[in-house]
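Summary of structural features
Below, each chain spelled out in residue letters.
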Amino acid sequence: MISPIHDFLIAGVPVVVAGAVWLRIVQNVVPAPYLDEVFHVRQAENYIQGRWDIWDPKITTPPGLYLASYIHVNLTQLVILGRSSILEVLRFINVIGGACIAAVVHELLFLTKNQHTGSWNQFELIHVTLNICLFPPLFFFYALYYTDVLSALSVLFAYQCCLKKRSSWICCCAGLLSLLFRQTNIFWVSLFLGGLAFCRALPNGDVMSPHAPGFFAMISLSWHKAASYDPRVSQASFQDYVKCIISYSIAGLANIPNALQALTPYLLVLLAFVGFVFWNGGVVLGQWTLLLTYAILQAYSGDKENHVVSVHFAQMLYLWPYIVFFSIPLLYPYFLNALVPQNLHPSIIPYIKHTTAQLPRTVIAVPIIATMLTIVHYNTLIHPFTLADNRHYVFYVFRLLLRHPSIKYFVIPIYFLCAWACIAILGDSSTPESQLSDRKREKQAVYNSPRAPKRQQSASPELEASEREPRASFLLLWLLATAASVVTAPLVEPRYFIVPWLIWRIHVAQAMTPHYAATKDKEDRSRKRGLQGSSYDHRLWLETAWFLCIDVTAGYVFLYKGFEWPQEPGKVQRFMW
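Structural notes, computed from the coordinates. Everything quoted here is computed from the prediction, not taken from an experiment.

**Re the overall build of the chain**
Assigned secondary structure in the chain consists of 23 helices and 4 strands. When burial is assessed residue by residue, the chain has 54% of its 577 residues classed as buried. Partitioning the intrachain contacts of the chain with sequence separation of at least 6 by distance along the chain shows that 79% fall at a separation of at least 24. Accessible surface, the chain: about 25600 Å² in total, of which carbon and sulfur atoms supply 67%.

**Digging into the state of the cysteines**
Under the criterion given, the structure shown has 0 disulfides. Here Cys422 stays unpaired: no disulfide links it, and the sulfur of Cys418, its closest cysteine neighbor, is 6.4 Å away.

**Considerations on the side chain of Ser327**
Looking at the secondary structure, you find Ser327 in helix H13 (residues 314-339). Residue classification places Ser327 among the buried positions, given a relative accessible area of 0%. Apart from the residues lying within four places of it in its own chain, the contact partners of Ser327 are Trp501 and Trp504.

**Quick look at a nonpolar patch on the surface**
The grouping of Leu9, Val13, Val17, Val21, Ile25, Tyr556 and Tyr560 at the surface amounts to a nonpolar patch, some 650 Å² of accessible area in total. At the level of secondary structure, the elements contributing two or more residues to the nonpolar patch comprise helix H1 (4-29) and helix H23 (538-560). With 5 residues, the single largest contributor to the nonpolar patch is H1. Among the structural elements, Val17 can be located in helix H1. Look at Val17 and you get partly exposed, because its relative accessible area is 47%.

**Examining the nonpolar core**
Ranked by internal contacts, the top residues of the largest apolar core, which has 148 residues, are Phe192, Trp478, Trp501, Trp504 and Phe558. Counting residues per element, this core draws most heavily on H13, at 14 residues. Discounting residues that sit within four places of it in the chain, Phe558 has contacts with Trp22, Val26, Val30, Tyr34, Phe140, Leu144, Arg574, Phe575 and Met576.

**Things to note about the packing of H13 against helix H17 (residues 412-427)**
The contact between H13 and H17 brings their axes to 7 Å, and the two run at 75 degrees. Overall, the two elements H13 and H17 adopt an arrangement that is roughly perpendicular. Facing Leu317, Tyr318, Trp320, Pro321, Ile323, Val324, Leu330, Leu331, Tyr334, Phe335, Ala338 and Leu339 of H13, the residues of H17 in contact are Tyr415, Leu417, Cys418, Ala419, Trp420, Ala421, Cys422, Ile423, Ala424 and Ile425. By residue class, the composition of the contact of H13 with H17 is 22 nonpolar, no polar and no charged.

**What about the packing of aromatic side chains?**
On inspection of all chains with the given rule, the structure shows 33 aromatic pairs. Each ring, one from Tyr322 and one from Phe497, has its centre 5.1 Å from the other, and the planes form 45 degrees; the classification is tilted. Taken together, the positions of Tyr322 in helix H13 and Phe497 in the loop between helix H20 (472-486) and helix H21 (498-508) put the pair 175 residues apart, joining distant regions of the chain. Judged by relative accessible area, Tyr322 falls into the buried class, the value being 10%. For the pair Phe395 and Tyr396, a centre-to-centre distance of 4.8 Å together with 85 degrees between the ring planes defines the contact as edge-to-face. The class of Phe395 is buried, set by a relative accessible area of 11%. The structure contains a cluster of three or more aromatic residues connected by ring pairs, namely Phe135, Tyr322, Phe325, Phe326, Tyr393, Phe497, Trp501, Trp546, Phe547 and Trp577. Just above the ring of Tyr229 sits the side chain of Lys243; from NZ or CZ to the centre is 5.7 Å.

**Quick notes on the pairing of strand E4 (residues 568-573)**
As defined by bridge partners, strand E3 (residues 563-565) adjoins E4 across 3 bridges and the pair is classed as antiparallel. Each residue of the ladder has a partner; that of Phe563, found in E4, is Gln573. Two successive antiparallel strands, E3 and E4, enclose a turn made up of 2 residues.

**Examining the side chain of Ser485**
Structurally, the position occupied by Ser485 is in helix H20. With sequence-adjacent residues up to four places away left out, Ser485 is seen in contact with Thr184, Phe187 and Trp188.

Cut-offs used in this document
- Residues numbered from 1 in each chain as written.
- Predicted model: local features only at pLDDT ≥ 70, side-chain atom pairs only at ≥ 80, totals over all residues.
- Heavy atoms only, no water.
- Helix = DSSP H or I, 4+ residues; strand = E, 2+ residues; numbered from the N terminus.
- Buried < 20%, exposed > 50% of the residue type's maximum accessible area, 1.4 Å probe, protein only.
- Contact = heavy atoms within 4.5 Å.
- Areas by Shrake-Rupley, 256 points an atom, 1.4 Å probe, with all protein chains shown as cover.
- Disulfide = S-S within 2.5 Å.
- Patch = residues over 30% accessible without salt bridge, like charges linked within 9 Å, V, L, I, M, F, W, Y side chains within 5 Å.
- Salt bridge = Lys/Arg side-chain N within 4 Å of Asp/Glu carboxyl O.
- Core = buried A, V, L, I, M, F, W, Y, C linked by side-chain atoms within 4.5 Å.
- Axes fitted to C-alpha atoms, helices over the stretch in contact; angles between N-to-C directions.
- Parallel < 35°, antiparallel > 145°, perpendicular 65-115°, else oblique.
- Nonpolar A, V, L, I, M, F, W, Y, C, P; charged D, E, K, R; others polar.
- Phe/Tyr/Trp six-rings, centres within 6.5 Å; stacked < 30°, edge-to-face > 60°.
- Lys NZ or Arg CZ within 6 Å of the ring centre and 35° of its normal.
- Pairing = 2+ DSSP bridges.

Written out as structure tokens, the structure reads:
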């Protein structure tokens, strides 16, 4: 039996050690606040000294980081007094945040792992947890005083409450906590968590694609039985996602009491958010930073002339190559299968032949590519900061994309292939259909039964959650929350995609283990598998090596490849995410 505490200690301790080492190196080379740290540290010092009425107008995020720092400094001052600078103490809060992320991620993986295949063991659980905590845009900020680590932690914690079947009000309160760290977390609270609560409140049907009901039959079943059509991602076609949206809409109308009961807490948060913006007449920070209503302000505040909310759909195109760049060790089999004939696949990589995902049909691909083309042509927004600040890697990406007007069009097929691979891996189950039990088949054929059963409350929420692969509704809600949180931002920054990647990666984990010989005795199977066993996914090691390579390279460049601007002689400028 897996011991969560034991495994967390194994996974969490390396995160703390790695984060502390990274912090110590940064503190030795960069002992003064760098870039946005100047504003964050100054504001934190005001709060620590009890000057609650002072707010720096350059700060664009809520005060959660500074409130957490106030508690952190007061709890640790007896230990660190006289040994560390205030900057190092403030930066260390993100190392603690990294350890907490390890704990939450470990629990989320346990809740979402594909337990019915028996394909997980404690080594993989720990390994995936470590890899997620090494995610370069996240790991980099363990040593800097930014909001990104605690913001990501707060969203993951709210998601953990949701998966553990806590009440909607508890999940909502956890979501409100996340709004203290970043305003755009409102979308993860109201859309993602609220949407999951809505879907969970309705009975659903999970069917095999060959037996999927027709469009009108689906409408009839959704209305008369208040049951939603929600196939697994591995079985869903483009039409199934359209059916899923329509089915849940109809089922919600047919089951209004349950739907309202699930959505009420999240609707209240959203209404409070909208109401405060209208009542306040804008987004202005001041002495009211401790009020809860302040925590749910709209996307940008403070330095708002440089952070104007806009509609930037191209952000959703940039998401896919972002994910692929960091997760290429997991996704490379999909590109090999799509682009390289099977007889040329390396025989030493056994996982490739188990990847069955196919590229979308032409009738689906053409409209999607046409939509991408329209977005690129009419909605490629370039913020002045993007091409004015050569300290960020995005500057060099866009300088390459804008080198010739045609380049941005030539990369559209890359956007398409990356999007396909990122979605395909969510549904590429490692369980062959022949291994599904009769009970599972009965559950999958629910729409073909005379009566759609009501969803029963499981005595073990963890087991119920682990028995489900990602469904169409999850993917739609993830896309919706991601789009809402990034398309309102004119700036393109890797930090904005941290939470979408984390949620995506956690759900990839349940479908990434390759096939191996089936056996009824799970304990015997676990004993046969080890860190170097033939059934251990080699991509986990590739992911670890890739992340370490990026982390070391980005850290080295940040610390030792600084440069000066002519207009600011003597001041070192550093490359960062």
